[in-house]
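Next come the chains, spelled out residue by residue.
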Amino acid sequence: MTRSAELPVEGAFPSLDGATSWLNSAQLTPAGLRGKVVAVQFCTFSCINWLRTVPYVRAWDEAYREDGLVVIGAHSPEFAFEHDPEKVRSALAAMGIAYPVAVDDDFAIWRAFDNAYWPALYVIDAQGRIRYHHFGEEAYERSERAIRELLAEAGAGVGDDLVSVEPDGVYLAADWLRLGSPETYVGHARATGFASPGGLALDRSRFYTEPSQLRLNHWALSGRWTVRSQVTVLDEPGGRIVHRFRGRDVNLVMGGRANGEPVPFRVALDGGAPRGARGLDVDEDGTGIATEERLYQLIRQEGPTRERTVEITFADAGARAYVFTFG
């Protein structure tokens, strides 16, 4: 078990004044939180790496709130649509997040913590000192033990048992041992592995074709699309995105038209319907509907993984795609 004596002082609790608004709470301050153990986690609601931590952070909030723990989410948006306060509120409420969330649209809190990651967890002791941090997923037991030790240091009796969490759906941890594909952005600012002949035409409409073959971790467009800095937008019905990947899960952050109208789509796996490998957001025949901009789980496979090709074909113009992630 982690001992509090082993947790170094990493700095003072930075200011939370830069939040543009607060959800589930009035504004909180380091001074007002003195005497509490505080866990601040940076998040953005479409990020798969953060989503997979949600069941654990929710469980810590529920288990240790009465012992003096205050969990605070700092929502620092990655994409433009994550600046919309109603979209943030709706997304977090749908996940059952009841703890305070600082809406950090201007990245003021992000900068105050000198943060660089989604997700990132910082645990502050009752004296207002950062004593523990963890960047990324996993390390849940180590993080919880750090919280428990700081609560005990503050005089709380936290018992002997760690929380019990059994994630499922989109929250299930990645199959790290068999995962062979990294996140793949389809906006030109961070795009890698693009394979359509002629390359990307930046910020203008162009008709794209697919290559005869795709190498692992490469992707291509088919049809008329406009590739912008963060987002790729379909200009004519029937366009598709194709990606060669290896992993259990395929997710795509995407949405329907900018005016909120939905766009039907169909997912194919190696040219056929996904059937038993369908993700949460598609039927067995691969059909789905892109509505609000968020992460859509398209494929979840069972058993051994191998190189496969996923295709997403959109029935109408206006579909918006941001980033593939895998699990």
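Up top is the structure these notes are about.
No experiment lies behind these values; they were computed from the predicted model shown.

A. A look at the pairing of strand β7 (residues 129–135). In this sheet, β7 lies alongside strand β1 (residues 11–12) in antiparallel orientation, the contact comprising two bridges. Counted as the bridge partner of Ala12 is Arg129 from β7. Where strand β6 (residues 120–124) meets β7, five bridges bridge the pair, whose relative direction is antiparallel. The residue bridging Leu121 from the neighbouring strand is His134, located in β7. Between the end of β6 and the start of β7, which pair antiparallel, lie four residues, with Gly128 showing a positive phi angle near 85°.

B. The pairing of strand β17 (residues 308–314), seen in detail. Along β17, six of the seven residues are buried, which leaves the element largely enclosed by surrounding structure. Where strand β12 (residues 240–245) and β17 come together, six bridges link them in antiparallel fashion. Within β17, the residue paired with Ile241 across the bridge is Ile312. Of the strand pairs in this sheet, strand β14 (residues 263–269) and β17 are connected by five bridges, and their pairing is antiparallel. Its bridge partner being in β17, Phe265 is matched across the sheet by Phe314.

C. Representation of the packing of aromatic side chains. Here the structure, examined in full by the defined rule, presents 23 aromatic pairs. Aromatic pair Phe245 and Phe326: ring centres 5.9 Å apart, planes at 15°, arrangement stacked. Remark: Phe326 occurs in strand β18 (residues 320–326) and Phe245 occurs in strand β12; sequence separation between them is 81 residues. No difference in accessibility class separates Phe245 from Phe326, as the two residues are buried. A network of ring pairs unites the aromatic residues Phe13, Phe42, Phe107, Trp110, Phe113, Tyr117, Trp118, Tyr122 and Phe135 as a single cluster.

D. Seen up close, helix α2 (residues 54–64). Burial analysis of α2 places nine of its eleven residues in the buried class, the great majority of the element. Within the span of α2, buried status applies to Val54, Pro55, Tyr56, Val57, Arg58, Ala59, Trp60, Asp61 and Tyr64. The elements touched by buried residues of α2 are β3 (37–43), α1 (48–51), β4 (69–75), β6 and α5 (140–153).

E. Region of the structure containing the pattern of salt bridges. In total, this model carries 23 salt bridges according to the counting rule given. Between Arg131 and Glu153 there is a salt bridge; the shortest N-O distance is 3.0 Å. With Arg131 in strand β7 and Glu153 in helix α5, this pair connects stretches of sequence that are 22 residues apart. On the basis of relative accessible area, Arg131 is assigned to the buried category, the value being 5%. Ionic pairing is found between Arg244 and Glu307, a salt bridge with its closest N-O pair at 3.5 Å. Of the two residues, Arg244 sits in strand β12 while Glu307 sits in the loop between β16 (294–300) and β17, which places them 63 residues apart along the sequence. Taken together, the shared-partner salt bridges connect Asp125, Arg129, Arg131 and Glu153 into one network.

Conventions adopted
Residues numbered from 1 in each chain as written. Predicted model: local features only at pLDDT ≥ 70, side-chain atom pairs only at ≥ 80, totals over all residues. Heavy atoms only, no water. Pairing = 2+ DSSP bridges. Helix = DSSP H or I, 4+ residues; strand = E, 2+ residues; numbered from the N terminus. Buried < 20%, exposed > 50% of the residue type's maximum accessible area, 1.4 Å probe, protein only. Phe/Tyr/Trp six-rings, centres within 6.5 Å; stacked < 30°, edge-to-face > 60°. Contact = heavy atoms within 4.5 Å. Salt bridge = Lys/Arg side-chain N within 4 Å of Asp/Glu carboxyl O.

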